[in-house]
Amino acid sequence: MIMHRTPAETASMGPTLAATEASAPAAEPRVTRLLGDRLELVEDLWQTVLRSECPAPQAERLLRMKELSNRIDGGAPDQASEAATEGIVQLIRDMDLSEAIAAARSFSLYFQLVNILEQHIEEDSYLASLRPHHAEELSDPFVPPLASQTSPATFRELFTRLRGLGVPPAQIEQLLQELDIRLVFTAHPTEIVRHTVRHKQRRVASLIQQLQKSQLLHPEERDNLRQQLEEEIRLWWRTDELHQFKPSVLDEVDYALHYFQQVLFEAMPQLRQRIRTALGSNYPDVLPPSDAFCTFGSWVGSDRDGNPSVTPDITWRTASYQRQLMLDRYLAAVEDLRDQLSISMQWSQVSAPLLESLEMDRLRFPEVYEERAARYRLEPYRLKLSYVIERLRLTLSRNQQQAAAGWDAPHEPRPAQPDFGHQGAMPAPPAPELHYGTVDEFRTDLELINESLQGTGLSCEPLDNLIAQVHTFAFCLASLDIRQESTRHSDALDELTRYLQMPTSYGEMDEEQRISWLMAELQTRRPLIPAAVKWSASTAETFDVLRVVQRLQQEFGSRICRTYVISMSHTVSDLLEVLLLAKEAGLVDPMAQRSDLLVIPLFETVEDLKAAPDVMERLFKEPFYRQLLASSSPTGRPLQELMLGYSDSNKDSGFLSSNWEIHQAQIALQQLASRHDVSLRLFHGRGGSVGRGGGPAYQAILAQPSGTLNGRIKITEQGEVLASKYSLPELALYNLETVTTAVIQNSLVTSHVDDTPDWNALMVRLAARSRSHYRSLVHENPDLVGFFQQCTPIEEISKLQISSRPARRKSGAKDLSSLRAIPWVFGWTQSRFLLPSWFGVGTALQDELSEDPGQMELFQQLYQRWPFFRMLISKVEMTLSKVDLDLAHHYVQSLGRAESREAFEEIFAVIAREFVLTRDLVLGITGHGRLLDGDPALQLSVELRNRTIIPLGFLQVALLRRLRDQNRQPPMSEEAASDDGRTYSRSELLRGALLTINGIAAGMRNTG
């Protein structure tokens, strides 16, 4: 049996056991030992809960199933493995539906407990890497050079080694001052676990951590912890794992913002401190980066591409919710500061500017002065913070009013304030609002206090942390990126021009006519969109989206929403269309040649990636467009953000071709930007799975072409990746630190291997051959769509209540072009094929070797020396370790309809041949005897999951077959007899199937 699996498609594997490379190979035995030791606790807890929650015979059968799965050897199947597999299949055949559901739930619980365990091991390993003794290893001559290193580095490791390499302080300081890392939480809800269950998991994780660190506790205290843990898991067992209803967009907003509330708000000041400490030890004279060197964005509540539920009102409410969250946090922090800063004027000096501000506050807030002055008469910091608290409360009240009023309520100009005793003939200037109109006003108050403290030789860490948080999160928490599909804008302009009775409607113009007309309209003051016209619903919303962006900036400041992503960008006109609509909404000033909106093309398909440099060059040559770019840049140098899509290019052309075209596009676009003196920020639309661009972030960033980052990167963080990276404080810090060190490392330590002509020519050939083989199966085989729909649980996945967005871009369509990349990958993952992440690679490599067998030596050399090629092969190796062809074949034989059996067997044979070919060649390139031999800790985790996940696959197939057999019957009754003679309702069978999907996703630590 070929059964290899891993915790995640390494994006979610990033900060889990798979990423323990942070501790270098020497840490592998320790990690392996920890997994073995702690797994005993998890298995004991799991067995205890099953025996207490399930009838005794049922519990024993479930434990028997687990015991049989432990006997399966996925690497070298033998008679014992086959006997164990047959035993599992027989147990499943003998189950009724209730027991099958219990089995699915029990194995799902097991995997989620293992996930918690691995997260703690990773957290411990990261903390160990921060200890001073770890830095001593950097003098080891066998440590790989930074240019080819793949193991994540801490700040201390990186700066120590940069100093050893002689990198000058001025070069490091220049980069740090330009450092711009943006992590975007997206509205792709591949997270399958309920928010309620996540709460249970965090409680269990906390108790496990306490129990593991309780060696010094009294035995009774340990027993009490153990009892609490068992009770919490039993409560979890009795909680429904499935979502009860389809989540709304605001439910998704709440879920995504949870990580900010629970982890990131407190983590960011620690990240700031860690980089400053590491710099101080190695480059004491180098200025640290700004507090906002790493910021956050969000698509949740603003990404409307294919999601009709994301309306302008939803986006407005999302922004209001985010501001409320931040104001609540700031209020609590300032109240704590007021308790702490009890400094008396009798014993400490106070700066004159602070005393002056107190006098102004007294005039503006007489009620606060009357209430607090007597108590804080000699405590100026407490008095000042009382005024700050009042202003925050007024700001919070205004936010609630604005949220209720809605985005289309009239904007209230700043009210005139009373003259506080101004003398003389000249009228007093209008005073600012009593609430904080901008976050700058709030930050100014905090810095005024900080400067006064520093002037007297004092410091206050909570105040420093709060100022850092304000720099990072402002009042908006995360910037909202608007995303919409390109044809929505052209359709709206076509309707508009037809209404205006133009000689040629927009839809009838060719590309050159469109560009000419759009550029002319962009530079005129005359409004184009008439008022009081009833447009179609689609066009009205397209216009309103730009209007709500303008209203958001008006109310919340420009930081809340400055970017507009155009998905499926193909042409120059796709960008100009949005700029024109932005001008009509007041976001572009043609006379000042200024834009308050950064329009971002998203190049997704291979053809669009190849055409991207030509599209952008045409725009860069337009003086008006360049001036708009310069106006939206903080430095005055034109700044263009470009998004590269991994998901659709992979679905279109396969893994190898997609990655190479993205790599090439980055190089070409950076060269183009340099020629036109434009700064470039690349936005990587990475998914959770390898098939959608996922993978360890550190290695992925190092694999970017040299010279394309320059300290700037923007990356999406999606679905279950959020839970694996940001659920625990140290895991969040691990991810944030390693992403930052990777960006610094890639920007400073460059290698020119990307420019090697022979290597590039080789990759062009490999990409073309891989794409051809992939497309011949996926796009040109007429039976592939039926194979995918029947032999994977894609139909049932669409019934999971995990997303506010449809699984297909166009309702009713059943072709691959309409299917989104997430369910495409999800279906292949559940059925153990994982085809999007590796198919075509083996054929491409073999074709090259057939022409020249000596190329294997070159492949091995590239694997050692070229980060990009190493990343490709490592991702394929990891994914192949998860493929289980025997189990996948079981899906084909059991779920494929009789009339398609011959065609489906041919497809399976093609996939199986490609798997064996790819696996053998990857092993030859890496020099490994088995997949993942280079990462023993990951290999151990994979093997554990490989064995244990098998019963869920067989369970899923059995339930899907029963369910689909019933669905094909006339809908006379919901109940029908199955092949075992028992009668089950369709709803219960669906529930069972969905639970197996949950369980497999937990075991794989990946959905799509």
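Residues numbered from 1 in each chain as written. Predicted model: local features only at pLDDT ≥ 70, side-chain atom pairs only at ≥ 80, totals over all residues. Heavy atoms only, no water.

1. A word on the overall build of the protein
Heads up, the rule is: Helix and strand definitions follow DSSP, with helices as H or I runs of at least four residues and strands as E runs of at least two, each counted in order from the N terminus. The rule is simple: take the accessible area with a 1.4 Å probe, protein chains only, and divide by the maximum for that residue type; under 20% is buried, over 50% is exposed, in between is partly exposed. Note on contacts: a residue pair qualifies if any of its non-hydrogen atoms lie within 4.5 Å across the two residues.
A tally of regular secondary structure across the protein gives 37 helices and twelve strands. A total of 1008 residues make up the protein; the buried ones form 62% of that total. If you take every contact in the protein between residues at least 6 apart in sequence, the share linking residues at least 24 apart comes to 82%.

2. Details of helix 23 (residues 655-675)
Keep this limit in mind: One less than the number of residues in a helix, times 1.5 Å, gives the span that helix is expected to have.
Helix length check: helix 23, at 21 residues, gives a terminal C-alpha distance of 31 Å against a target of 30 Å (1.5 Å per residue), a fit within 8%. Extensive coverage of helix 23 is indicated by the burial of 16 of its 21 residues. Asp677 sits one or two positions beyond helix 23 and adopts a positive phi of about 55°.

3. Let's talk about the confidence of the model for the protein
Formally: A residue's pLDDT is simply how confident the predictor is in it, with values from 0 to 100.
For the protein, mean pLDDT is 87; residues scoring 70 or higher make up 87% of the total. Below a pLDDT of 50 lies the segment residues 970-979, which in the model reaches 23 contacts outside its immediate sequence neighbourhood of four places, other chains included.

4. Brief notes about the environment of Leu952
Considering the arrangement of structural elements, one finds Leu952 in helix 36 (residues 936-967). Sequence separation between Leu952 and Thr996 is 44 residues, and the spatial gap between their C-alpha atoms is 6.1 Å. Apart from residues no more than four positions distant in its own chain, Leu952 is found in contact with Ala103, Ala104, Phe107, Phe111, Thr996, Gly999 and Ile1000.

5. Here we look at the sheet that holds strand 10 (residues 712-717)
The test is simple: Following DSSP output, two strands are said to pair if at least two bridges run between them. For every element, the axis is a line fit to its C-alpha atoms; helices are fit only across the contacting stretch, and the angle between N-to-C directions ranges from 0 to 180 degrees.
Spatial ordering of the closed barrel is given by 1-2-3-4-7-8-9-10, a layout of eight strands whose pairing is parallel. Each strand of the sheet is rotated relative to its neighbour by a mean of 25°, with strand direction disregarded. For strand 1 (residues 180-185) and strand 10, the ladder comprises six bridges, and the chain directions are parallel. Considered in strand 10, the bridge of Ile181 is made with Ile713.

6. So, the packing of aromatic side chains
Just so we agree on the cut-off: When the centres of two rings from Phe, Tyr and Trp lie within 6.5 Å, Trp using its six-membered ring, the rings pair. Their planes under 30 degrees apart give stacked, over 60 give edge-to-face, and anything left gives tilted.
In the structure shown here, the tally under the stated rule is 38 aromatic pairs. Centroid distance Phe296 to Phe473: 6.0 Å. Interplanar angle 10°. Geometry classified as stacked. In this pair, Phe296 sits in strand 2 (residues 294-298) while Phe473 sits in helix 15 (residues 461-473), placing the two residues 177 residues apart along the sequence. For the pair formed by Phe296 and Phe473, the shared burial category is buried. One aromatic cluster in this structure is built from Phe185, Phe260, Phe265, Phe296, Tyr330, Tyr436, Phe442, Phe473, Phe475 and Tyr726.

7. Let's talk about the environment of Ile907
Considering the arrangement of structural elements, one finds Ile907 in helix 35 (residues 901-926). Judged by relative accessible area, Ile907 falls into the buried class, the value being 1%. Residues Ile907 and Asp783 lie 124 residues apart in sequence; the distance between their C-alpha atoms is 8.2 Å. Ile907 has contacts with Leu777, Asn781, Asp783, Leu784 and Phe787, leaving out every residue within four places of it along the chain.

8. Focus on the packing of helix 34 (residues 885-895) against helix 35
The line we're drawing: Convention used here: angles under 35 degrees read as roughly parallel, angles over 145 as roughly antiparallel, angles from 65 to 115 as roughly perpendicular, and any remaining angle as oblique. In this classification, Asp, Glu, Lys and Arg are treated as charged, Ala, Val, Leu, Ile, Met, Phe, Trp, Tyr, Cys and Pro as nonpolar, and every other residue, Gly included, as polar.
Axis separation between helix 34 and helix 35 bottoms out at 11 Å; the angle between their running directions is 170°. It follows that helix 34 is roughly antiparallel to helix 35 by the angle criterion. Each of Leu885, Ala888, His889, Val892 and Gln893 in helix 34 lies in contact with helix 35, whose residues at this interface are Phe904, Glu905, Phe908, Ala912 and Phe915. Counted by class, the contact of helix 34 with helix 35 contains seven nonpolar, two polar and one charged residues.

9. Some thoughts on a negative patch on the surface
Heads up, the condition is: The residues that make up patches have over 30% relative accessible area and no salt bridge, and they are joined within 9 Å when like-charged or within 5 Å when they are Val, Leu, Ile, Met, Phe, Trp or Tyr. Each accessible area value is a Shrake-Rupley result obtained with a 1.4 Å probe; residue values ignore everything except the protein chains displayed when judging cover. Any Lys or Arg side-chain nitrogen located within 4 Å of an Asp or Glu carboxyl oxygen qualifies as a salt bridge. All tallies of charge rest on Lys and Arg as positive and Asp and Glu as negative; His and the ends of each chain are not included. All charge positions are set by atom: Lys at NZ, Arg at CZ, Asp at CG, Glu at CD.
On the surface, a cluster of negative charge is made up of Asp73, Asp78, Glu82 and Asp886. Mapped onto the fold, Asp78 is located in the loop between helix 2 (56-70) and helix 3 (79-93). The exposure class assigned to Asp78 is partly exposed, which follows from its relative accessible area of 36%.

10. Remarks on helix 5 (residues 155-164)
By the criterion of burial, helix 5 is predominantly enclosed, with seven of the ten residues buried. Structurally, helix 5 contributes buried residues whose contacts are with helix 6 (169-178), helix 9 (249-282) and helix 26 (729-748). After helix 5 finishes, the residue Gly166 shows a positive phi value of roughly 80°.

11. With respect to the packing of helix 28 (residues 784-791) against helix 35
Running from N to C, helix 28 and helix 35 cross one another at 90°; their axes reach a closest spacing of 10 Å. In this view, helix 28 runs roughly perpendicular relative to helix 35, as classed from their interaxial angle. Only Phe904, Ile907, Phe908 and Ile911 of helix 35 make contact with helix 28, whose side of the interface consists of Leu784, Gly786, Phe787, Gln790 and Cys791.

12. Side note on the pairing of strand 1
Buried residues dominate strand 1, accounting for five of its six residues. In the sheet, strand 1 pairs with strand 2 via five bridges, with the strands oriented parallel. For Phe185, the partnering residue across the bridge sits in strand 2 and is Ser298.

13. Some remarks on the environment of Ala665
Here Ala665 shows up in helix 23. Sequence-wise, Ala665 and Ala611 are 54 residues apart; in three dimensions their C-alpha atoms are separated by 8.7 Å.

14. Examining the pattern of salt bridges
Under the criterion given, the structure shown has 57 salt bridges. Between Glu86 and Arg93 there is a salt bridge whose closest N-O contact spans 3.5 Å. Overall, Glu86 belongs to the partly exposed group, its relative accessible area being 40%. Of the residues examined, Arg93 reaches a relative accessible area of 49% and is grouped as partly exposed.

15. Quick notes on the nonpolar core
Under the convention used in this document: In these notes, a set of buried Ala, Val, Leu, Ile, Met, Phe, Trp, Tyr and Cys residues joined through side-chain atoms within 4.5 Å is what counts as a nonpolar core.
With 159 residues, the main nonpolar core has Phe159, Leu162, Phe296, Tyr330, Leu392, Phe442 and Met616 as its most contacted residues. If you tally residues by element for this core, the top one is helix 9, at 16 residues. Beyond its immediate chain neighbours, meaning those up to four positions away, Phe442 contacts Tyr330, Val334, Val388, Leu392, Tyr436, Val470 and Phe475. The next biggest cluster of nonpolar side chains, apart from the first, holds 134 residues, and it includes Ala84, Phe839, Tyr891 and Leu952.

16. With respect to unusual backbone geometry
A positive phi angle, close to 75°, is found at Leu477, a residue other than glycine. According to the relative accessible area criterion, Leu477 is buried, its value standing at 1%. At Gln501, a position not held by glycine, the phi torsion is positive, near 55°. Take Gln501: it is sitting in the loop between helix 16 (486-499) and helix 17 (511-522). Gln501 gets classed as exposed once you look at its relative accessible area, which sits at 70%.

17. Quick notes on the pairing of strand 10
Summarising burial for strand 10: six of the six residues are buried, a large majority. Across the two faces of strand 10 the burial is the same, with Arg712, Lys714 and Thr716 and Ile713, Ile715 and Glu717 all buried. Relative to strand 10, strand 9 (residues 679-685) runs parallel, the two being bridged by two bridges. Looking at the pairing, Phe683 lines up with Lys714 of strand 10.

18. Description of the side chain of Arg986
Under the convention used in this document: Here a polar contact means two N or O atoms within 3.5 Å. Within protein one must be a hydrogen donor candidate and the other an acceptor candidate, and residues neighboring in sequence count only if both atoms are side-chain atoms.
Within the secondary structure layout, Arg986 lies in helix 37 (residues 986-1004). Polar contacts involving the side chain of Arg986 include one to the main-chain carbonyl oxygen of Gln966, which spans 2.7 Å.

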